[in-house]
Amino acid sequence: MGPPGVGKGTQADCIKNELMIVHLSTGEILRAEVDAKSVIGINAKLYMDFGRLVPDNILIEIVTERISKSDCQNGYILDGFPRTLPQAKGLDKMMHSIGHDLDCAISLTANKDELLDRLIKRGEESSRSDDTPDVIRNRQNIYWEQTAPLLDFYHDKGILKEVDGLGEIPEITKRILDILK
Ligand code: AMP
């Protein structure tokens, strides 16, 4: 978990390779649905283009289906999910029903202004329609309002670990792996 731009996707990719588990990014899954112009994609685009959260029921459906697949049976790292309390509760339920356990919730932390600069730079280089300054600001606000409260949810479960998200990429990966191992 962590605010937009903190490096969740980058770190999830590094960890996936180290631990040989699956990296599930709900943002990437949704972008693929948008590109494929599927019903989910057409609906999701209405929210994503404004930096708003796609409705919980769509996300829960996508993740339930995805983590039931055979490639997820040795483990997976969720990136960008859950983002709301109903999603977190939905995840608990779906994992429990297929005999999975959530080992750890990693919270990557960083300074807000630094993240805004990083994302604006990424926006100049990427083709993501939600990396424009206004939409970025909206995504940041939504993180602090709707997703950050989940940190308490995982803290209360005793599985929340905070990791400083500033620094060189390999250094941050090492911090995360040290916790996971
Ligand atoms: P991301 O690539 O994780 O930054 O996600 C890009 C966009 O996809 C977000 O701004 C949301 O519009 C949507 N999205 C991704 N994951 C979720 C989620 N768990 N809940 C709701 N919307 C999501």
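The notes below deal with the structure included here.

Notes on the site of the ligand
Then comes step 1: Around the ligand, the structure places 16 residues, and the nearest of them are T26, R52, G80, R83 and Q87.
Then comes step 2: Between the ligand and the protein, one listed contact pairs an oxygen atom with a side-chain N or O atom of R31 at 3.0 Å.
Then comes step 3: Summarising the interface, the protein chains cover 96% of the accessible area of the ligand, which totals 480 Å² for the free molecule.
Then comes step 4: In terms of residue count, the dominant contributor to the shell around the ligand is helix α2 (residues 26-35) (4 residues).
Then comes step 5: Looking at the shell around the ligand, its residues break down into 6 nonpolar, 4 polar and 6 charged.

Comments concerning helix α7 (residues 133-147)
Then comes step 1: Along its 15 residues, α7 runs 20 Å from first to last C-alpha, staying within 8% of the 21 Å computed at 1.5 Å per residue.
Then comes step 2: The secondary structure elements touched by the buried residues of α7 are α3 (39-48), α6 (112-125) and α8 (150-157).

Quick notes on the side chain of D79
Then comes step 1: Inspection of the secondary structure puts D79 in strand β2 (residues 76-79).
Then comes step 2: K8 is the oppositely charged side chain nearest to the buried, salt-bridge-free D79, at an N-O distance of 5.2 Å.
Then comes step 3: Excluding anything up to four places from it in sequence, D79 contacts K8, G9, A12, H23, L24, S25 and T26.

Quick notes on the layout of surface pockets
Then comes step 1: Taken as a whole, the second largest pocket spans an internal volume of roughly 170 Å³.
Then comes step 2: R31, V34, D35, K45, M48, D49, S127, R128, S129 and D130 together form the lining of the second largest pocket.
Then comes step 3: Elements with a contribution of two residues or more to the lining of the second largest pocket: α2 and α3.
Then comes step 4: With 3 residues, the top contributor of residues to the lining of the second largest pocket is α2.

Some words on unusual backbone geometry
Then comes step 1: In the segment running from F81 into P82, the intervening peptide bond is cis, with an omega of 0 degrees.
Then comes step 2: Looking at where P82 falls in the secondary structure, it is placed in the loop between β2 and α5 (85-97).
Then comes step 3: Backbone geometry places M20, a non-glycine residue, at a positive phi of 55 degrees.
Then comes step 4: Inspection of the secondary structure assignment puts M20 in the loop between α1 (8-19) and β1 (22-25).
Then comes step 5: A positive phi angle is found at K37, which is not glycine, with a value near 55 degrees.

Scoring rules and cut-offs
Residues numbered from 1 in each chain as written. Predicted model: local features only at pLDDT ≥ 70, side-chain atom pairs only at ≥ 80, totals over all residues. Heavy atoms only, no water. Near = heavy atom within 4 Å. Polar contact = N/O pair within 3.5 Å; in protein donor to acceptor, adjacent residues only side chain to side chain. Areas by Shrake-Rupley, 256 points an atom, 1.4 Å probe, with all protein chains shown as cover. Helix = DSSP H or I, 4+ residues; strand = E, 2+ residues; numbered from the N terminus. Nonpolar A, V, L, I, M, F, W, Y, C, P; charged D, E, K, R; others polar. Expected span 1.5 Å × (residues − 1). Contact = heavy atoms within 4.5 Å. Buried < 20%, exposed > 50% of the residue type's maximum accessible area, 1.4 Å probe, protein only. Lys, Arg positive; Asp, Glu negative; His and termini not counted. Salt bridge = Lys/Arg side-chain N within 4 Å of Asp/Glu carboxyl O. 1 Å grid on protein atoms, 1.4 Å probe; cavity = no way out; pocket = protein on both sides within 12 Å on 5 of 7 lines; lining within 4 Å. Points joined across faces, edges and corners; volume = space filled by probe spheres on them.

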